[in-house]
Each structure stands twice: as C-alpha cells, then as structure tokens.
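# Remarks on the overall topology
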Amino acid sequence: MNLIVWLIVACEIAFWVVIILGLATRYVFKRKKLGLLFLALTPVIDLVLVLATGADLLNGATATQAHALAAVYIGVSIGFGKSMIQWADERFVYYVMKQGPKPVKKYGMAYAKQYFSGWVRHVLAYFIGAVLLAGLIFLVGDPSRTEALSGILRFWSLVLGIDFLIAISHFVWPKKA
C-alpha cells in the first residue's frame, strides 16, 4: 500500500480514537470541556489528510483511487461527522455509562424521514468531496495524472443517485418493524 492509503487508515483510526477519548473524558471523567476539545480535533485530522494528499499530488504523484478516497473521506467526515458523533454519544451513554434511554430503532415514516435526512447529509458530503476532487484536478492541471479523481467523482455521482432512489423508496414502501 502506498503512503496515502496508510494515511487514510491512520486518519480513520485517529478519528475514532479522538471520539472515544472525547466521550470517555466527557462521561467517565466528568471533564466536559476537555471532552469537547477531543471531539473538536476531528476536523484537524481531516485537514492533515487533505494537505498531505494535495502535497503528494503537487510533488508529481499520479493520482490513485487512494488520493480520491481521501477527498471522499473528508467529505463524508464533514457531512456525517456531527451525526456520527451523536450516534456514538447516544450509544456510549446507554451501553457504557448505563444511563439514559436505549437508542430507538425507527420504522415507517419516521425511518423514511431519518434516511432522507441522511441522504441530505450525503449530498453535503458529496459537494465537499466533489469540490476537493475538482480542486485537486485543477491544481495538478494534467488530466492524464488525475483520471482516478474524475473516475471516483463519476462513480460517487452514481452512488448518490442510487442513494436518492433508496431514500424515496422508503416513503413508498416504509420499513416495517
């Protein structure tokens, strides 16, 4: 694996480490401000990844799917980051701290609305990732070196469209309990 792939893996691990540290600090050690500081480190991890990817490409590397994945990861991290932290927060409180209500599974129209809300976050993630991909393509300025970036952008566009159809299908055929 190349360096960018390892960096993506390291950033994903770091993302979950700072979330777990933030939640543990907040709830186990009762240090809410310090816990918030750990949770606030997640965008810093994203920044490290985008800077390293851009530097690698500007130093002459030919873009790979790993470079494209870095942009997708950043888009997803920003688009879904708050909801992922909220999801982890709810489960940490219930399963680890043995407090609060059990996280509820949704069905019917409530699930359809929740899924559609997730699709809207997917659009935000797509927009951020697409801007990053387009920016990298523009900065490199050599279509032969950035074909992997534009290929991932086309594939992600298809995935976004399929996700929209799935989101709409939950209104037509609601999920049953």
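That block above? That's the structure.
What counts and how
Residues numbered from 1 in each chain as written. Predicted model: local features only at pLDDT ≥ 70, side-chain atom pairs only at ≥ 80, totals over all residues. Heavy atoms only, no water. Helix = DSSP H or I, 4+ residues; strand = E, 2+ residues; numbered from the N terminus. Contact = heavy atoms within 4.5 Å. Areas by Shrake-Rupley, 256 points an atom, 1.4 Å probe, with all protein chains shown as cover. Lys, Arg positive; Asp, Glu negative; His and termini not counted. Charge placed at Lys NZ, Arg CZ, Asp CG, Glu CD. Salt bridge = Lys/Arg side-chain N within 4 Å of Asp/Glu carboxyl O. Buried < 20%, exposed > 50% of the residue type's maximum accessible area, 1.4 Å probe, protein only.

## Things to note about the overall build of the protein chain
- Helix and strand counts for the protein chain stand at six helices and zero strands.
- Listed by position from the N terminus, the elements making up the protein chain come as α-α-α-α-α-α.
- Expressed along its principal axes, the backbone C-alpha trace of the protein chain runs to roughly 55 × 45 × 25 Å.
- Taking the contacts inside the protein chain whose residues are at least 6 apart along the sequence as the reference set, 75% of them involve residues at least 24 apart.
- Entry remark: accessible area of the protein chain is about 10600 Å², with carbon and sulfur atoms responsible for 73%.
- One way to put it: in the protein chain the 17 positive side-chain charges average out to a point 17 Å from where the 8 negative ones average out.

## Side note on the pattern of salt bridges
- Inspection of the entire model under this criterion finds three salt bridges.
- For the salt bridge of arginine 154 with glutamate 147, the shortest nitrogen-to-oxygen distance reads 2.9 Å.
- Arginine 154 gets classed as exposed once you look at its relative accessible area, which sits at 51%.
- Assessed through its relative accessible area of 44%, glutamate 147 is described here as partly exposed.

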